[in-house]
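# Examining the three-dimensional arrangement
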Amino acid sequence: IIKRQEEGRTKVAVVDNEAAFEFQSYLSKIQFQQQRCGVLYGTIEKEETSVLAIYEPPQEGTDKVYSVQTNPGAQELSRRAASLSRQLGLLPVGVIFSHKTRNAVLSGYDIVSAAKLQVEFLDEVGESDTDAFIILTVSPSEDGSIHFNSYQLSNQCIEMYRRGVFAPAEMQRRNSGKVKTHPEGWVLYQDKDRTFRHDKVLVENAETDSIPTEFFLINVAIKSHKSWLRTKFPVENREIAPQLIEDVAKNLNSSEEPRFVRRISDFHMLNFLSGFVDLSGELPGLIDIVREQRDPTPQESGYQIILEALVS
């Protein structure tokens with residue numbers, strides 16, 4: 001029996017202004033002709049989930065739906081971003097994706113894709129914090145304004161995903177407001193001599209194999225903030241405005257931020273640099289400077305010269 005969950009762990013999603021603006025401005029620039037998604041990295045505090053950075057993995061979305069690449073090269077890039085986030089003291093706290101104007105709040109494809117990520121991130125955030133996972137959506141309205149919304153998935157939804165009740169994402173309709181399940185009697189898994197089969201699914205006392213997505217959603221309030229991480233450097237894995245080595249020099253020599261620590265405190269620039277140099281191994285104090293938001297020690301004062309030499 002499907003039941004709504006009125007409240008979730010997270011009461012407020014606190015989202016960095018620059019990160020959110022950069023995600024939506026790119027979508028506006030391409031007029032939502034390619035739907036995009038990203039992994040949210042941040043922190044978890046009691047009833048608040050804070051988003052400090054948005055990593056956009058290699059993807060090839062259409063005008064109707066986002067689609068993440070799964071080839072070995074794409075997976076390596078995502079692992080590199082995840083490693084950087086851990087070094088900065090950040091956790092994977094959710095997912096963001098875009099969609100055009102539609103009747104569905106979240107589609108079946110959205111629900112299954114987000115549930116998959118939430119379960120995959122369990123090892124990183126721990127059992128006690130996996131229920132702080134949030135979903136941000138970005139969509140245009142008919143008057144041209146951009147809407148941000150935030151949700152959590154219900155505990156029942158995650159449990160049903162873990163048990164294999166839902167049909168996989170590729171079998172879900174991309175913009176339908178319903179989640180397809182496997183038919184009754186479908187073998188979910190086998191354990192030694194026992195076979196576990198899919199039971200009937202009841203929504204409002206009626207048997208169904210297609211569940212309205214709103215039964216699994218919990219609304220979360222959104223609040224903006226300015227975090228200690230910047231989003232001035234071009235964002236990775238975009239067809240328009242790709243990342244260039246010249247952009248590093250531009251950031252390092254910016255007059256906008258007088259302190260070195262502020263000029264290098266950009267998730268996307270650090271992620272770009274990690275493709276050229278082992279930041280934790282060859283420049284061991286650089287990540288510490290960013291994470292602790294402090295000025296370099298005398299022993300670390302040459303980092304800017306090293307970075308400038310690297311990009312030249």
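Scroll up to find the structure this text is about.
Residues numbered from 1 in each chain as written. Predicted model: local features only at pLDDT ≥ 70, side-chain atom pairs only at ≥ 80, totals over all residues. Heavy atoms only, no water.

### Considerations on the overall build of the protein chain
This is how the line gets drawn: Working definition: helices are DSSP H or I runs of at least four residues, strands are E runs of at least two. Numbering for both runs from the N terminus. Put simply, the radius of gyration uses C-alpha atoms, and a globule should come to 2.2 Å times the residue count raised to 0.38. Using a 1.4 Å probe on the protein chains alone, a residue whose accessible area is under 20% of its type maximum counts as buried, one over 50% counts as exposed, and one in between counts as partly exposed. Residue contacts are defined here by distance: any two heavy atoms, one from each residue, within 4.5 Å place the two residues in contact. The Shrake-Rupley method, run with a 1.4 Å probe sphere, supplies the accessible areas, and residue values consider only the shown protein chains as cover. A positive count includes Lys and Arg, and a negative count includes Asp and Glu. His and the chain ends are not counted in either. For charged residues, the charge sits on one atom: NZ in Lys, CZ in Arg, CG in Asp, CD in Glu.
Per the secondary structure count, the protein chain includes 11 helices and 14 strands. Against the compact-globule benchmark of 20 Å for 312 residues, the protein chain has a radius of gyration of 21 Å, which places it among compact chains. C-alpha extents for the protein chain along the principal axes are approximately 70 × 50 × 35 Å. Taking all 312 residues of the protein chain together, 49% fall into the buried category. Looking at the protein chain alone, contacts between residues at least 24 apart form 71% of all its contacts between residues at least 6 apart. For the protein chain, the accessible surface area stands at approximately 15,300 Å², while carbon and sulfur atoms represent 48% of it. Taking the average place of the 35 positive charges on the side chains of the protein chain and the average place of its 45 negative ones, the gap between the two points comes to 3 Å.

### Quick notes on the side chain of serine 176
The topology assignment puts serine 176 in the loop between α5 (155-162) and β7 (178-180). Excluding residues within four positions of it along the chain, serine 176 makes contact with Ala104, Leu106, Ser107 and Gly108.

### Regarding the pairing of strand β4 (residues 91-98)
Here is the key point about a regular strand: its side chains alternate between the two faces of the sheet. Worth spelling out the cut-off: One bridge is not enough; two strands pair if DSSP finds at least two bridges between them.
Burial of β4 is extensive: seven of the eight residues sit out of reach of the surface. Direction of pairing for strand β2 (residues 37-45) relative to β4: antiparallel, over a ladder of six bridges. Across the sheet, residue valine 39 finds its bridge partner in β4, namely valine 95. Where β4 meets strand β5 (residues 134-140), five bridges bridge the pair, whose relative direction is parallel. Within β5, the residue paired with glycine 94 across the bridge is isoleucine 134.

### Quick word on the side chain of glutamate 56
Inclusion rule: Any pair of N or O atoms that falls within 3.5 Å is considered a polar contact. Within protein, one atom must be able to donate a hydrogen and the other to accept it, and sequence-neighbouring residues count only if both atoms are side-chain atoms.
Within the element layout of this structure, glutamate 56 appears in the loop between β3 (48-55) and α2 (72-87). According to the relative accessible area criterion, glutamate 56 is buried, its value standing at 2%. A distance of 2.7 Å separates a polar atom in the side chain of glutamate 56 from a polar atom in the side chain of arginine 238. Those residues in contact with glutamate 56 that sit more than four places away from it in its chain are Phe23, Arg36, Cys37, Gly38, Val235, Glu236, Asn237 and Arg238.

### A look at the sheet that holds β2
Rules: Angles run from 0 to 180 degrees between N-to-C directions of axes, and those axes are lines fitted to C-alpha atoms, restricted for helices to the stretch in contact.
The eight strands are arranged β13-β6-β5-β4-β2-β3-β1-β14 in an open sheet whose pairing can be described as mixed. Either end of the sheet is taken by a strand with one partner, and the two such strands are β13 (217-219) and β14 (221-225). When strand polarity is set aside, the average angle formed by the axes of neighbouring strands in this sheet is 35 degrees. With four bridges joining them, strand β1 (residues 12-16) and β3 adopt parallel strand pairing. Residue pairing in the sheet places valine 12 in a bridge with glutamate 48 of β3. Along the sheet, helix α1 (residues 17-29) contacts β1, β2, β3, β4, β5, β6 (146-153) and β14; its crossing angle with β1, the most-contacted strand, is approximately 75 degrees.

### Observations concerning the environment of serine 145
Within the secondary structure, serine 145 sits in the loop between β5 and β6. In this structure serine 145 comes out as partly exposed when scored by relative accessible area, which is 29%. Non-local contacts of serine 145, meaning those with residues more than four positions away in its chain, are made with Ser139 and Pro140. A distance of 2.6 Å separates the side chain of serine 145 from the side chain of serine 141, its partner in a polar contact.

### Topic: the packing of helix α3 (residues 108-120) against α5
The cut-off we apply is this: Any angle between 65 and 115 degrees counts as roughly perpendicular, while under 35 counts as roughly parallel, over 145 as roughly antiparallel, and the rest as oblique. Note on residue categories: nonpolar means Ala, Val, Leu, Ile, Met, Phe, Trp, Tyr, Cys or Pro, charged means Asp, Glu, Lys or Arg, and polar means any other residue, Gly included.
Closest axis-to-axis distance for the α3/α5 pair is 10 Å, and the angle between their directions is 80 degrees. The angle between the axes of α3 and α5 places the two elements in the roughly perpendicular class. Where α3 abuts α5, its residues Ile111, Val112, Ala115, Lys116, Gln118 and Val119 lie against Cys157, Ile158, Tyr161 and Arg162. Class assignment for the residues of the contact of α3 with α5 results in seven nonpolar, one polar and two charged.

### Notes on the packing of helix α6 (residues 245-252) against helix α11 (residues 303-311)
Threshold: Crossings are sorted by hand: turned counterclockwise from the far helix by less than a right angle, the near helix makes the crossing left-handed, and turned clockwise it makes it right-handed.
The geometry of α6 relative to α11 is characterised by a closest axis approach of 9 Å and an angle of 150 degrees between their N-to-C directions. Taken together, α6 and α11 sit at an angle that is classed as roughly antiparallel. Seen along the crossing, α6 lies across α11 with a hand that is left-handed. The segment α6 lies against α11, with Ile245, Val248, Ala249 and Leu252 engaging Gln304, Leu307, Glu308 and Val311. Residues of the contact of α6 with α11, tallied by class, amount to six nonpolar, one polar and one charged.

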